[in-house]
Amino acid sequence: MKTEIRNILEMFQNAYDQKDINQVDQFMEAVFSKEEAIAILGTSDGELSFGYDECRKLFISDWQYWGFEKLNLDECIIQEVKDKTICYVPSSFTFTFDVNEENRKGHLEDIINRIKLNSEDQRDLQVKFGEILYELVHIYHQRPLNPRKYRIQLNVTFIFNNNNRIIQINFSVPDNIRRPDARLYEKSDFNRYLSYELKKFKSKLKDTQSEDERAIRHLIKNFTADYFSKEINQYLDLNNIFAINVNSQVAKNIDEINSLRMNQQKYWDKLTIFDQEAYLEVYEDTAILLTKMIASKDIDNDEYFKETALEIEAINNDESLTITQKMFKIRQLITICFKETAIGSKHEFPLRVHFVLSKENNEWKINFFKMSYSFYYLLEERNEFMKYLK
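Residues numbered from 1 in each chain as written. Predicted model: local features only at pLDDT ≥ 70, side-chain atom pairs only at ≥ 80, totals over all residues. Heavy atoms only, no water.

For this particular structure, what's the right way to read the overall build of the protein chain?
When its secondary structure is counted, the protein chain shows 10 helices and 15 strands. For the protein chain, the C-alpha radius of gyration of 22 Å lies close to 21 Å, the compact-globule estimate for 390 residues. When burial is assessed residue by residue, the protein chain has 53% of its 390 residues classed as buried. Excluding contacts between residues fewer than 6 apart, the proportion of contacts in the protein chain whose partners are at least 24 apart in sequence is 72%. In the form shown here, the protein chain has an accessible surface area of approximately 19000 Å², with 47% of it arising from carbon and sulfur atoms. Charge centroids of the protein chain, computed over 53 positive and 64 negative side chains, lie 2 Å from each other. (Helix = DSSP H or I, 4+ residues; strand = E, 2+ residues; numbered from the N terminus. Rg over C-alpha atoms; globule rule 2.2 N^0.38 Å. Buried < 20%, exposed > 50% of the residue type's maximum accessible area, 1.4 Å probe, protein only. Contact = heavy atoms within 4.5 Å. Areas by Shrake-Rupley, 256 points an atom, 1.4 Å probe, with all protein chains shown as cover. Lys, Arg positive; Asp, Glu negative; His and termini not counted. Charge placed at Lys NZ, Arg CZ, Asp CG, Glu CD.)

Next up, the structure:
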């Protein structure tokens, strides 16, 4: 890792350690580019910041209410794409669950408000009941002792310019490919979030597009259309390629990328990309594109129940688990099954996708892509990316 880049990442870590909002301007001036447009993608839907002022507000909010604890710089993966440098840094944050009577009172009131027939939330009761059961299973958990502290995995991707200053950051919390909380269906929050983000992307579109911009959007559209059905080598710089999946699976060559695609295709069979709405920055011979995708697959409810039954059998055969752990995992799977099948057989998941491309001999190729789900629920032992700290 370049000394200058490591110094910037250490400054970033120190700023989050101190969380001094009075130092936010000095921090921004020290680590971000002053010449180029900057952007930050937060962990949750709607957390999309463009420009100095919006990014500044995000850091102030993060330092007041949130923030990761550790950048694992020794595990950092570096990729250089001409004059740009991509740094993928596995990280983490901690959260303490402390359920008390006041918390329970608030949650009960929320449940009652949701199920009232005159509620503003007009989703079907079957959908609401599945969601409520899912929440209750996680909130009233097997560990009676309070408080309970967890470490939660966080992936941070930094993109640096040729002056070793940050121009874009992508924060994401990994999740299982099959059962993310983010799912599109009629009247869901995620439909509203998707509309909001696409509208914000559109606000950054230029009145006219250059030849390079048109070529890049066309490339990304074709890459997505062929992603599961054809070979994708022609879209990639095979000598310098790097990809990250929603579950933190990393691929650094074409064989690993094909393995990543096969893993995804177990749960998705189609990708739809918003190529024309995408936020795109084109430099001399590099480009960065950020947009939304929809991953989808139709799964018959009977098939979903059968797949869940097979997973329950696998849990029972897992000798590393205690009987109590098996019972709670089975309970969790069954509640997820009811929640998901209540929505229906059409499974559509909104993805955030980040690309870095380069141009050689007047032809654009993809060097990097990262897919991530948005972070929604903070529920105890939601998935394997949460580790209980005793």
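Hey, could you run me through helix α1 (residues 3–18) in this one?
Because each turn of an α-helix spans 3.6 residues, side chains separated by three or four positions end up pointing in the same direction. In a regular helix each residue adds 1.5 Å, so 16 residues correspond to 22 Å; α1 covers 22 Å between its end C-alpha atoms and thus fits that length. Considering only its buried residues, α1 is in contact with α2 (24–31), α3 (51–65), β3 (70–71), β5 (84–97), β6 (148–160) and β7 (166–172). (Expected span 1.5 Å × (residues − 1).)

Explain the pairing of strand β10 (residues 270–273) to me, please; I cannot follow it from the model alone.
Two faces belong to every sheet, and in a regular strand the side chains alternate between them. Only one face of β10 is buried: it carries L271 and I273, and the other face, with K270 and T272, is open. Strand direction decides the pairing type here: β10 and strand β12 (residues 286–298), joined by four bridges, are antiparallel. Each bridged residue has a counterpart across the sheet, and for L271 the counterpart in β12 is A295. (Pairing = 2+ DSSP bridges.)

Looking at this model, I keep getting lost on the pattern of salt bridges. Mind explaining?
It is possible for side chains bearing opposite charge to pair when their charged atoms get close. As enumerated under the stated definition, the model contains 24 salt bridges in all. Among the salt bridges present, the one from R178 reaches E311, with a minimum N-O distance of 2.3 Å. Remark: E311 occurs in helix α9 (residues 301–316) and R178 occurs in the loop between β7 and α6 (189–203); sequence separation between them is 133 residues. A salt bridge links D212 to K359; the shortest N-O distance between them is 3.3 Å. Here the residue D212 occupies a position in helix α7 (residues 211–226), and K359 occupies one in strand β13 (residues 346–360), the gap between them amounting to 147 residues. Given the relative accessible area of 21%, D212 is considered partly exposed. The structure contains a network of salt bridges with shared partners spanning D110, R114, D121, R123, E131 and E135. (Salt bridge = Lys/Arg side-chain N within 4 Å of Asp/Glu carboxyl O.)

Any chance you could explain the side chain of E131 here in plain terms?
When you line up the elements, E131 lands in helix α5 (residues 125–139). E131 gets classed as buried once you look at its relative accessible area, which sits at 11%. Among all residues touching E131, those that are not within four sequence positions of it are R114, R123, Y185, K339 and Y377.

How should I be thinking about a nonpolar patch on the surface in this particular structure?
A grouping of L133, F305, I334 and F338 is seen on the molecular surface, where their side chains present a nonpolar patch of about 330 Å² in accessible area. Looking at the secondary structure, you find F338 in helix α10 (residues 323–343). (Patch = residues over 30% accessible without salt bridge, like charges linked within 9 Å, V, L, I, M, F, W, Y side chains within 5 Å.)

Would you take a moment to explain the packing of α9 against α10 for this structure?
Running from amino to carboxyl end, α9 crosses α10 at an angle of 170 degrees, the nearest separation of the two axes being 10 Å. With respect to α10, the element α9 is oriented roughly antiparallel. Together, N301, Y304, F305, T308, E311, I312, I315 and N316 of α9 and K326, K329, I330, L333, I334, I336, C337, F338, E340 and T341 of α10 make up the contact between the two elements. Classifying every residue of the contact of α9 with α10 gives 10 nonpolar, four polar and four charged. (Axes fitted to C-alpha atoms, helices over the stretch in contact; angles between N-to-C directions. Parallel < 35°, antiparallel > 145°, perpendicular 65-115°, else oblique. Nonpolar A, V, L, I, M, F, W, Y, C, P; charged D, E, K, R; others polar.)

What exactly am I supposed to notice about unusual backbone geometry here?
Backbone phi values are negative for most residues with the exception of glycine, while trans is the configuration of most peptide bonds. At K19, a residue that is not glycine, the phi angle is positive and equals roughly 50 degrees. Here K19 lies in the loop between α1 and α2. The exposure class assigned to K19 is partly exposed, which follows from its relative accessible area of 31%. Phi angles above zero are rare outside glycine, and S248 is one such case at about 75 degrees. A relative accessible area of 15% means that S248 is categorised as buried.

When you look at a positive patch on the surface in this model, what are you seeing that I'm missing?
Taken together, the side chains of K70, K149, R151 and K387 make up a positively charged region of the molecular surface. Along the chain, the position of K70 falls in strand β3. On the accessibility criterion, K70 (47% relative accessible area) is partly exposed.

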